[in-house]
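Residue-level structural notes
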Amino acid sequence: MTATDPAPDLERATLDKAAGENFPVAPFFLPRAWRDDLMAVYGFARLVDDIGDGDLAPGGGDARLLGVSPDEAEDRLVLLDAFETDLRRVFDGTPRHPLLRRLTPTVRRHALTPEPFLGLIAANRQDQLVTRYETYDDLLAYCELSANPVGRIVLAVTGTSTPERVRLSDAICTALQIVEHLQDVAEDLGRDRIYLPAQDMKRFHVRESDLAAKTAGASVRALVAYEAQRARDLLNEGAPLVGSVHGRLKLLLAGFVAGGRAAIRAITAAEFDVLPGPPKPGTLQLLREAGVILRGEG
């Protein structure tokens, strides 16, 4: 690796984004091996999202690492195809991208299967082709690809996966995805994407042009409040997952649920006006929510 090799910088820039997530990715209290594995999984998930959103670092370094020619470096579907090809090398060879090389020992150590990783890639392909969702069920089907695989990987990495835990994890992950969509309504609209179900928009008399305003009117706020309650209900449904495990994993999962609940509180505190920018919870609020969960009060 030469002094001018951009790979380490690209890898670090992606992993550094973990600090901006609603939930703790690999907190200090976890065993070092778990932290390394969870950061490897995060690096994969963050990079595939960055490809799908067109948020890769400038200069085309990631495209070069994936073997994509400069004239196709802006084609997200081509990049996703190349990324899937490199992902498959994790399971049967040596991948090219440093974030996938980082993932390789995690996959081998825990005998992870390709399916959840392929689901995340499929979700980002869908983002290039589907920009509106007619029903809530349509949105849930998208979350099955875009969010739920992450929780399933976490359970596999920590050796705690059971069918019931997977069910509870899916509820939490879907809730976190819905919350993120609510925080990012304006940003998503800028990408010509709307993750608010069209049926719900009609019910609350919200037009697409209403989402482009600088601040939300009463109808948009009512719609956001409605979807936030759905996310809250899903978090409550999945919360027993925390009590089903012990030790440091219990703290980690409590952090996931707390992150979602704290984000919903931040949205509520903003009176459901998410259009000026994503309402973000503070650290103190997240810790309070985690304390409530760990005490078994919620």
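For the structure, check the block above.
A brief look at the structure comes next. (Residues numbered from 1 in each chain as written. Predicted model: local features only at pLDDT ≥ 70, side-chain atom pairs only at ≥ 80, totals over all residues. Heavy atoms only, no water.)

**Points about the overall build of the protein chain**
Applicable threshold: Strands here are runs of E lasting at least two residues and helices are runs of H or I lasting at least four, both read from the DSSP assignment and numbered beginning at the N terminus. The globule rule used here is 2.2 Å times the number of residues to the 0.38 power, and the radius of gyration it is set against is calculated over C-alpha atoms. Accessible area is worked out with a 1.4 Å probe on protein chains only. A residue is then buried under 20% of its type maximum, exposed over 50%, and partly exposed in between. Note on contacts: a residue pair qualifies if any of its non-hydrogen atoms lie within 4.5 Å across the two residues. Here the Shrake-Rupley method, with its probe set to 1.4 Å, supplies the accessible areas, and only the displayed protein chains count as covering residues. In this charge count, Lys and Arg are treated as positive and Asp and Glu as negative; neither His nor the chain ends contribute. A charged residue contributes its charge at one atom only: NZ of Lys, CZ of Arg, CG of Asp or CD of Glu.
A tally of helices and strands in the protein chain yields 16 helices and 0 strands. For the protein chain, the C-alpha radius of gyration of 19 Å lies close to 19 Å, the compact-globule estimate for 298 residues. Based on the C-alpha atoms only, the size of the protein chain along its principal axes is roughly 55 × 45 × 35 Å. Looking at the protein chain as a whole, 50% of its 298 residues are labelled buried. Across the protein chain, the fraction of contacts at a sequence separation of at least 24, relative to all contacts at a separation of at least 6, is 69%. Total accessible area computed for the protein chain in this model is approximately 13,500 Å², and 54% of it derives from carbon and sulfur atoms. Across the protein chain, the centroid of the 35 positively charged side chains sits 6 Å from that of the 43 negatively charged ones.

**A short note on the packing of helix α2 (residues 32-53) against helix α5 (residues 98-110)**
Note the following rule: With axes taken as lines fitted to C-alpha atoms, and helix axes fitted only over the stretch in contact, angles between N-to-C directions fall between 0 and 180 degrees. By definition in this entry, angles of less than 35 degrees are roughly parallel, angles greater than 145 are roughly antiparallel, angles of 65 to 115 are roughly perpendicular, and the rest are oblique. Each crossing is labelled by how the near helix is turned from the far one, with a counterclockwise turn of less than a right angle marking it left-handed and a clockwise turn marking it right-handed. Under the convention adopted here, Pro, Cys and the residues Ala, Val, Leu, Ile, Met, Phe, Trp and Tyr are nonpolar, Asp, Glu, Lys and Arg are charged, and Gly plus all remaining residues are polar.
It is at 8 Å that the axes of α2 and α5 come closest, and there the two elements cross at 130 degrees. It follows from the interaxial angle that α2 and α5 lie oblique. Note that α2 runs across α5; the crossing there is left-handed. On α5, the residues touching D37, A40, V41, G43, F44 and L47 of α2 are L99, L100, R102, L103, T106, R109 and H110. Taken together, the residues that form the contact of α2 with α5 break down as 7 nonpolar, 3 polar and 3 charged.

**Points about unusual backbone geometry**
Even without a glycine there, the phi angle at D192 is positive, about 60 degrees. Tracing the backbone shows D192 in the loop between α10 (185-190) and α11 (198-203). Phi is positive for H205, close to 55 degrees, though the residue is something other than glycine. Structurally, H205 can be placed in the loop between α11 and α12 (208-211). For H205, a relative accessible area of 65% puts it in the exposed group.

**Digging into the pattern of salt bridges**
The line we're drawing: Salt bridges are counted wherever a side-chain nitrogen of Lys or Arg sits within 4 Å of a carboxyl oxygen of Asp or Glu.
Per the stated rule, a full pass over the model turns up 24 salt bridges. For the salt bridge of E289 with R265, the shortest nitrogen-to-oxygen distance reads 2.2 Å. Of this pair, E289 sits in helix α16 (residues 283-294) while R265 sits in helix α15 (residues 247-269), and the two are 24 residues apart along the sequence. Through salt bridges with shared partners, one network takes in D81, E84, R88 and R125.

**Re the nonpolar core**
When a protein is soluble and globular, its nonpolar side chains tend to lie buried together. Keep this limit in mind: To form a nonpolar core, buried Ala, Val, Leu, Ile, Met, Phe, Trp, Tyr and Cys residues must be joined to one another through side-chain atoms within 4.5 Å.
F44, F83, L87, L103, F117, L196 and L211 are the most contacted members of the largest nonpolar core, which has 84 residues in total. Apart from the residues within four sequence positions on either side, L211 is in contact with V185, L189, I194, L196, M201, V206, V220 and L275.

**Observations concerning the packing of aromatic side chains**
Filter applied, for reference: Within 6.5 Å between ring centres, the rings of Phe, Tyr and Trp (the latter by its six-membered ring) count as paired, and their orientation is classed by plane angle as stacked under 30 degrees, edge-to-face over 60, tilted in between. For a lysine, the NZ atom is tested; for an arginine, the CZ atom; a charge sits over a ring if that atom is within 6 Å of the ring centre and within 35 degrees of the ring normal.
For the structure shown, the criterion picks out 8 aromatic pairs. Seen from their ring centres, F44 and F83 are 5.3 Å apart, and the 20 degrees between their planes marks the pair as stacked. Taken together, the positions of F44 in helix α2 and F83 in helix α4 (residues 76-92) put the pair 39 residues apart, joining distant regions of the chain. A relative accessible area of 0% means that F83 is categorised as buried. An aromatic cluster of at least three residues, connected via ring pairs, comprises F44, F83, F91 and F117. Lying over the aromatic face of Y226, R203 brings its terminal NZ or CZ to 4.7 Å of the ring centre. Sitting above the plane of the Y136 ring, R230 keeps its charged end 3.7 Å from the centroid.

**As for the side chain of D273**
Tracing the backbone shows D273 in the loop between α15 and α16. Excluding residues that lie within four positions of it along the chain, D273 makes contacts with T215, A216, R221 and P279.

**Side note on helix α13 (residues 218-238)**
Our working rule: One less than the residue count of a helix, multiplied by 1.5 Å, gives the span that helix is expected to have. Each direction from the helix axis to a C-beta atom contributes to the arc, which is the arc of those directions.
The terminal C-alpha atoms of α13 lie 30 Å apart, and with 21 residues this matches the ideal 30 Å at 1.5 Å per residue to within 8%. When α13 is considered as a whole, its buried residues turn out to be V220, L223, V224, E227, A228, R230, A231, L234, L235 and G238. All buried residues of α13 fall inside an arc of 150 degrees around its axis, so they share one side. On its buried face, α13 is in contact with α7 (136-146), α9 (163-183), α11, α12, α14 (240-243) and α15.

It is worth stressing that arrangement in space is one thing and function is another; only the former is reported here.
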